[in-house]
Amino acid sequence: MSHISQEILDSLTRFEMPGPVSQKERDSAIDAEGTKLGVFRCGALILGSGAAGLRAAVELKRRNVDVVVASSRLFGGTSACSGSDKQTLHTACTGNRGDDFLGMAREMSSGGCMDMDTAYIESVGSIYALSSLLHLGLPLPQDSYGAILRYKTDHDEAGRATSCGPLTSRLMTKVLCEEAIRLGVPFLTGRTGVRILAQDGIAGGLFTVDSRDGINQYGLNLVLFDKLVLATGGPGELYRDSVYPKGCFGALGMAMQAGAEAVNLTESQFGISTNRDRFPWNLSGTYVQVMPRIYSVDADGHEHNFLANYYRTTRELASNIFRKGYQWPFQVLRLPDHGSSLIDLAVFMETSKGRQVFMDFKRNPYQVPGDKPFSLHDLDDDARAYLENSGGLGNLPIDRLRAMNPPAVELYKAHGIDITREPLQFSVNNQHLNGGLGIDNWGQTSLRNCYAVGEAAGTHGVTRPGGAALNSGQVFATRCAQHIAANISPSVLSESEDEVTSAAAAILRELKDASRSKGALAPEIVKKEVQARMSDKAGFICDSAGVSAALDEARELNGALLKNGLQLDSPEHAALYFQVKQTALASEAVLTALNHYIENGGGSRGARAILSKDGTMVPKTSKTSLDGFRFREEDLSDRKKKVVIQYNNGSGEFRVAEREVRADLNLSEISFEKNWAAYLAGDICR
């Protein structure tokens, strides 16, 4: 095996991010009730500076569109700060005799609730996404024949996954930002988008807050645009038990306030990860494939071999720890028959008892009492074959990890955690929202001139292959740039000075009232209430009564916020004021969709087990059945439809509907001669 030097390891885990970026200058100012606001103008505004947002900016700039990137924290979002052992990019495969785009699309949409044309677009577009990232310098590994090295990931039978280490998305962000700087893309850094300004269902402006901008006490400004691209990631502050970086609020609530539809908010991802307070990171892939010892510690400091209460033999226990590597997300179908998701349930039950759960890379798995000790020679065939092929047959988990994936060790060391010396505390956390804003085949939401890419867009269905989200962001960022460039025109608000001034005055009055309000709720209290409710009632284990009660509480909270307001203790906290209100709204949206699904007979699927006394599925442990976790089976007909939800600002209520997925894809009429003219005339983007 080739030696990997410390210099190479550092290049994958300790690299510098690019900078500085050029700043967009203010174009003008308006006066709203005696308060001055700065005004910026551009053809296209990208809100968010992660891998998807920067891809959109680069593609727009290459098409000569006047584009600006606004970001609250450059390199502070999920693309730059999240990952796993070898963070995955899922693309069309170079193995065997190449890939079948339709086959890849079918696999991506196999869990249901995903449009087939969307899956096909992501499949076809993955070729350009991969090749352009390579062109920009992304260090994806190749073999001596020039093929990209691949492996299997969760929900992936073909082996289309590739990676350049634990920080793949951060490296993507790096090379895309370097290209944006080279192309001269201007930025508005430190800017938090707080309210979309629309006219007749068409977006035309965005109010932003930058506490460093002294034009007014709140740092409130306005950007007028023709097109808006939301690339703000997912609602990471929605859950208390979360592996998102802190401060990632997303734009779901803000976009829904403006009237944009959301889809599939019922679908999320949960999995084991280190805790948010120290260094949040997904413990997938090699971290568990090397089979560290997993145990819990009670309040008295006693260590518990708790997995032995769930698995029947040491071999079964160790092999399922291994499988957690490529079956990382909780998946309800892996709960029965002593599958790998029984580990998630076991960890959940231990933490519910107040115990702390750890994995130790210095020790092999505990044996199941009465059975043989752990042995690398006594594993299920899939685990043994993988370890043999990967050179992972060292005596201890840390030896196997160093041999199979040295950057995984360096990653934690770079954050002050030496897993060669200390165990990792972990739990089951919310990791990804598979739903989001509904988009068409060009990335445009139901709010015209407003696009969504990356996790802000609800392109995924119930399940998705690991790394498909990174690919989706790159593909639809390119698609929306293509569509925007073909349909650019002046902002719908460019001639509406009175409407702009009136909207600015309304926001300023709201902020002034919040500053004076004495009966309003405090933002931190509201945020904690929302997060606790979502983690306790809408996590990967939930039931009808709990979700219904949580929805009532969420409605009550938003009603109180409308009636009594939210406190603004200081003008420099204006951004947090809006983010907390929008998070509360997003919480109600998710609970409304989930409650609708469950009340209409929806069963357990993907990342959620819906508990029910009438359920037909019961997880089994080595000793007994967990009847308290009896859950409903999925109704397969539900895979053919999406839950669609839209907020009515006037009534303060959500409208819920269902839409059939677009399952058919007819490619028989496509040919070079028939379709070339449409491309040349630009009609494909109409």
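Below is a short write-up of the structure. Being a predicted model, the structure only gives us computed values, none of them experimental.

### Here's the deal with helix α4 (residues 101-108)
- Those residues of α4 that fall on the buried side of the exposure criterion are Met104, Ala105, Glu107 and Met108. Take α4 and look down its axis: the buried residues cluster within an arc of 160°, on one side only.
- Where α4 is buried, its residues contact β4 (89-90), α5 (116-136) and α14 (468-486).
- Capping the start of α4, aspartate 100 holds a side-chain oxygen 2.9 Å from the backbone nitrogen of leucine 102, two or three residues further along.

### Some thoughts on the environment of glycine 53
- Tracing the backbone through its elements, the reader meets glycine 53 in helix α2 (residues 51-62).
- Taking relative accessible area as the criterion, glycine 53 reaches 0% and is therefore assigned buried.
- In contact with glycine 53, other than residues within four places in its own chain, are Ile46, Gly48 and Ala231.

### Section: the packing of α2 against α5
- Direction vectors running N to C along α2 and α5 enclose 85°, while the axes themselves pass 13 Å from each other. Taken together, α2 and α5 sit at an angle that is classed as roughly perpendicular. In contact with Arg55, Glu59 and Arg62 of α2, α5 contributes Tyr128, Ala129, Ser132, Leu133 and Leu136.
- Split into classes, the residues belonging to the contact of α2 with α5 amount to four nonpolar, one polar and three charged.

### Observations concerning the sheet that holds strand β13 (residues 293-297)
- With respect to topology, six strands assemble into an open sheet ordered β12-β11-β16-β15-β13-β14, the strand pairing being antiparallel. If you trace the sheet from one side to the other, it starts and ends with β12 (281-282) and β14 (303-304), each paired once.
- Sheet topology note: the strand β11 (residues 268-274)/strand β16 (residues 424-433) ladder contains seven bridges and is antiparallel. Bridging from a neighbouring strand, serine 268 pairs with leucine 433 of β16.

### A few points about the sheet that holds strand β22 (residues 653-660)
- Sheet architecture is open: four strands sit in the order β17-β10-β21-β22, paired in antiparallel fashion. Since the sheet does not close on itself, it has two edges, and those belong to β17 (436-437) and β22, each with one partner.
- Direction of pairing for strand β10 (residues 262-263) relative to strand β21 (residues 641-648): antiparallel, over a ladder of two bridges. Bridged to valine 263 within β21 is valine 644.
- Where helix α18 (residues 574-599) meets the sheet, its contacts fall on β21 and β22, and the angle it forms with β22 comes to roughly 45°.

### With respect to the side chain of lysine 24
- Looking at the secondary structure, you find lysine 24 in the loop between α1 (6-13) and β1 (28-32).
- Within the structure, the side chain of lysine 24 is placed 3.3 Å from the side chain of aspartate 27, a separation counted as a polar contact.
- Those residues in contact with lysine 24, other than ones at most four positions away along the chain, are Phe40, Arg41, Val68, Pro186, Phe187 and Leu188.

### Quick notes on the pattern of salt bridges
- One pass over the structure, following the stated rule, counts 55 salt bridges.
- The partner of lysine 174 in a salt bridge is glutamate 178, with the nearest N and O atoms 2.9 Å apart. Pair noted here: lysine 174 and glutamate 178 are both in helix α6 (residues 168-183), with a separation of four residues, about one helical turn.
- Here lysine 174 falls in the buried class, since its relative accessible area comes to 18%.

### Looking at the state of the cysteines
- With the rule as written, the count across this model stands at zero disulfides.
- Just so you know, cysteine 177 is unpaired, no disulfide at all, and the nearest cysteine sulfur is the one on cysteine 81, 13 Å from it.
- Judged by relative accessible area, which is 0%, cysteine 177 ranks as buried.
- Cysteine cysteine 450 is unpaired, with the sulfur of cysteine 480 as its nearest cysteine sulfur at 10 Å.

### As for the packing of aromatic side chains
- In the structure shown here, the tally under the stated rule is 14 aromatic pairs.
- Relative to phenylalanine 540, the ring of phenylalanine 270 lies with its centre 6.2 Å away and its plane at 45°, an arrangement referred to as tilted. With a gap of 270 residues between them, phenylalanine 270 in strand β11 and phenylalanine 540 in the loop between α16 (523-537) and β19 (541-543) connect regions that are remote in the sequence.
- Owing to a relative accessible area of 5%, phenylalanine 540 belongs among the buried residues under this scheme.
- Plain terms: the ring middles of tyrosine 287 and phenylalanine 361 are 6.3 Å apart, the flat faces sit at 65° to each other, and that makes the pair edge-to-face. A residue pair is termed long-range when its members are at least 10 positions apart, and tyrosine 287 in helix α8 (residues 286-289) and phenylalanine 361 in the loop between β15 (356-360) and α11 (381-390) qualify at 74 residues. Note on accessibility: tyrosine 287 and phenylalanine 361 belong to one class, buried.
- Taken together, Tyr239, Phe270, Phe330, Phe348 and Phe540 form an aromatic cluster joined through their ring pairs.

### Some points on the packing of helix α12 (residues 397-404) against helix α13 (residues 406-413)
- Where α12 meets α13, the closest approach of the two axes is 5 Å, and the angle between their N-to-C directions is 110°. Taken together, the axes of α12 and α13 are roughly perpendicular relative to one another. Between α12 and α13, the residues in contact are Ile398, Leu401, Arg402 and Met404 and Pro406, Ala408 and Val409, respectively.
- For the contact of α12 with α13, the per-class residue count stands at six nonpolar, no polar and one charged.

### Concerning the side chain of asparagine 471
- Looking at where asparagine 471 falls in the secondary structure, it is placed in helix α14.
- Take asparagine 471: its relative accessible area is 1%, and that puts it in the buried class.
- With residues near it in sequence (within four places) discarded, asparagine 471 still touches Leu89, His90, Thr91, Glu122, Ser126 and Ala129.

### Side note on the pairing of strand β2 (residues 35-47)
- In terms of burial, β2 is largely enclosed, as 11 of its 13 residues are buried.
- One ladder, built from five bridges, connects β1 with β2; its direction is antiparallel. Bridge pairing in β2 links alanine 29 to glycine 38.
- Between β1 and β2, which follow one another and run antiparallel, lie two residues, and glutamate 33 among them has a positive phi close to 55°.
- Alignment of β2 against strand β9 (residues 220-230), held across nine bridges, turns out to be parallel. Following the sheet pairing, phenylalanine 40 is matched in β9 by valine 223.
- Bridging between β2 and strand β3 (residues 67-71) involves four bridges; their strand directions are parallel. Within the sheet, the bridge partner assigned to leucine 45 lies in β3 and is valine 68.

Reading the values: the criteria
- Residues numbered from 1 in each chain as written.
- Predicted model: local features only at pLDDT ≥ 70, side-chain atom pairs only at ≥ 80, totals over all residues.
- Heavy atoms only, no water.
- Buried < 20%, exposed > 50% of the residue type's maximum accessible area, 1.4 Å probe, protein only.
- Helix = DSSP H or I, 4+ residues; strand = E, 2+ residues; numbered from the N terminus.
- Arc of directions from axis to C-beta.
- Contact = heavy atoms within 4.5 Å.
- Polar contact = N/O pair within 3.5 Å; in protein donor to acceptor, adjacent residues only side chain to side chain.
- Axes fitted to C-alpha atoms, helices over the stretch in contact; angles between N-to-C directions.
- Parallel < 35°, antiparallel > 145°, perpendicular 65-115°, else oblique.
- Nonpolar A, V, L, I, M, F, W, Y, C, P; charged D, E, K, R; others polar.
- Pairing = 2+ DSSP bridges.
- Salt bridge = Lys/Arg side-chain N within 4 Å of Asp/Glu carboxyl O.
- Disulfide = S-S within 2.5 Å.
- Phe/Tyr/Trp six-rings, centres within 6.5 Å; stacked < 30°, edge-to-face > 60°.

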